[in-house]
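What follows is each chain in one-letter form.
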Amino acid sequence: MANPRPAAVWVGIAAVLLALQAGAVVQFLAVLLADAVAAVPGVAVPAGVAALERAADAVPTLLSRETVPNRGYYDGSGYVGTFLGLSPDLAWLLRVALIYAYSFATLAWLWVGYERYRTHYRIADWTPRDDVIDRFRRHKWGLFGVVVVAMFFVMVMFAPALSPTTTAANLENPYQHEVTYWADGETRTVTVGQANLGSQSQGTPQENVGPMQYDDYGRIHPFGTLPSGKDLFTFIAHGSRISLVIGLVSVGLSVSIAVVLALVTAYYRGKIDLGAVLVSDAVMGMPQLLLLIMLSVILSGTWIGKIYSGAFVLALIFAGTGWPAMWRSFRGPALQVSNREWVDAAKSFGQTPTAIMRKHMLPYITGYVLVYGSMTLGGAIIAIAGLSFLGLGVNPPTPEWGRAVNAGQDYVTTASWHISLIPGILITLVVTGFNALGDGIRDAIDPESDAEDQGAASGRGGGA
């Protein structure tokens, strides 16, 4: 109240940023609600939820395909239907640039908000968290991870707007949508399915649409097309959502189980700790890949295997097989903090075990949770891609990066090299980004770690 101006300016900028994308926020929440209702077995989506989803689609959004369209055709004198009459590739690049500029401006706004809070409103002049943040800001490898992870999250959040076409037209119902193009001095109309048949990438120069090339129907394909003729960028952009959902759910469940078990076993020790060791050894002793394949095949036909195209059951399997390694990473720090004087003091004051574990032990291992969680998320993404490459996991035709790699494996040395190479590079880049982020967090929390002295070279592949 004594100094409202910094906060007022920050909130004003927040209102402007939110107003620009209010439609996208409403649409995201509506789709999330509809998907959550549809995931419940035996429950149909109520008419009210469907009406809410339609109403959300009508809310204007600045950074959308409708506001900055790239679909159009050349009528002999100029482009019709594109933004400001630009060529489709320039219109698409402009929309992508605006989306990423908006996203990084929002991140900068969040950082400025933290700086203003620390400068103008926080009572303490210094906290240990300040040193951690300052060390992370000087960690180039960690900052590289931040940039990669941020760009990946932007692709996930803005996948419909980033894609040059829609999933309904490109992947789900191509024969129910049409495309208009210019040929032989006149405009013609053909279904998207027919256009895809004429835009296939199958290894020969005559049957190939590469990155940033147009097909015979005037459609731009930023990453080229698949062997089926469908747009590869749209496939990858929406496939990133599946990878992130599975990764976040599986890592979240694994971390939750591991943290609770680490705190309980460190506090009580004895037979509880021994039992957890035996159970974790038994789970880790099983071949994870064979277990994943077996369970994904067995559960694929059940109701739980149909939730989110099989993504939910994959997340459960990863969580059920991944918590032992996570628990072993948290167990040592939890045992160390259980011997601290403040824990003994809390016991002497009569605090309950739950309160002691939550207030006096959990904050000590939070840094380890961030480090191993980020690294494990990268490993989950590459494991999901591996299962999809084998034809397991997420049910087709739902897009997933590993399925794109599998579709192009026969064309790696041909003119259609882009089908496997581009998603393969993206998988490697994203996994590396999550590992780099984990390295940066670890070195910022523990400045005396060996990784920082060695240029953060050790452990970079931990997530994979």
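Anything mentioned here points back to the structure above.
Rules of the game
Residues numbered from 1 in each chain as written. Predicted model: local features only at pLDDT ≥ 70, side-chain atom pairs only at ≥ 80, totals over all residues. Heavy atoms only, no water. Core = buried A, V, L, I, M, F, W, Y, C linked by side-chain atoms within 4.5 Å. Buried < 20%, exposed > 50% of the residue type's maximum accessible area, 1.4 Å probe, protein only. Helix = DSSP H or I, 4+ residues; strand = E, 2+ residues; numbered from the N terminus. Expected span 1.5 Å × (residues − 1). Bend = angle between axes of the 7 residues up to and from the residue. Polar contact = N/O pair within 3.5 Å; in protein donor to acceptor, adjacent residues only side chain to side chain. Contact = heavy atoms within 4.5 Å. 1 Å grid on protein atoms, 1.4 Å probe; cavity = no way out; pocket = protein on both sides within 12 Å on 5 of 7 lines; lining within 4 Å. Points joined across faces, edges and corners; volume = space filled by probe spheres on them. Nonpolar A, V, L, I, M, F, W, Y, C, P; charged D, E, K, R; others polar.

Novice: Could you give me a rundown of the nonpolar core, with the residues and numbers involved?
Specialist: In terms of nonpolar packing, the biggest core is built from 70 residues, with Phe 152, Leu 162, Ile 236, Met 361 and Trp 401 touching the most fellow members. Counting residues per element, this core draws most heavily on helix H10 (residues 232-268), at 14 residues. Core analysis: the next-biggest nonpolar cluster, separate from the first, contains 15 residues, Ile 246, Ile 304, Ile 317 and Ile 384 among them.

Novice: Please give an account of helix H13 (residues 311-338) that cites residues and values.
Specialist: Note: α-helices contain 3.6 residues per turn, so residues at a spacing of three or four share the same orientation. Taking 1.5 Å per residue as the helical rise, H13 with its 28 residues ought to reach 40 Å, and the 38 Å between its terminal C-alpha atoms agrees with that figure. Its axis deflected by about 40° at Gly 322, H13 carries its strongest bend there, up to four residues before the proline Pro 324.

Novice: How would you explain the side chain of Asn 208 if you had to name every residue and give the values?
Specialist: One can find Asn 208 in the loop between helix H9 (192-197) and strand E5 (213-214). Residue class for Asn 208 comes out buried when judged on its relative accessible area of 18%. Side-chain polar atoms of Asn 208 contact the backbone oxygen of Ala 415, separated by 3.4 Å. Filtering out sequence-adjacent residues up to four positions away, Asn 208 remains in contact with Gln 200, Ser 201, Gln 213, Ala 415, Ser 416 and His 418.

Novice: Lay out the layout of surface pockets with the relevant residues and their values.
Specialist: Taken as a whole, the second largest pocket spans an internal volume of roughly 670 Å³. Broken down by secondary-structure element, the contributors of at least two residues to the lining of the second largest pocket are H10, helix H11 (270-285), helix H12 (288-299), H13 and helix H15 (353-389). Per element, the largest residue contribution to the lining of the second largest pocket is nine residues, and it comes from H15. Its residues placed into classes, the lining of the second largest pocket shows 19 nonpolar, eleven polar and no charged.

What is shown is where atoms sit, not what they do.
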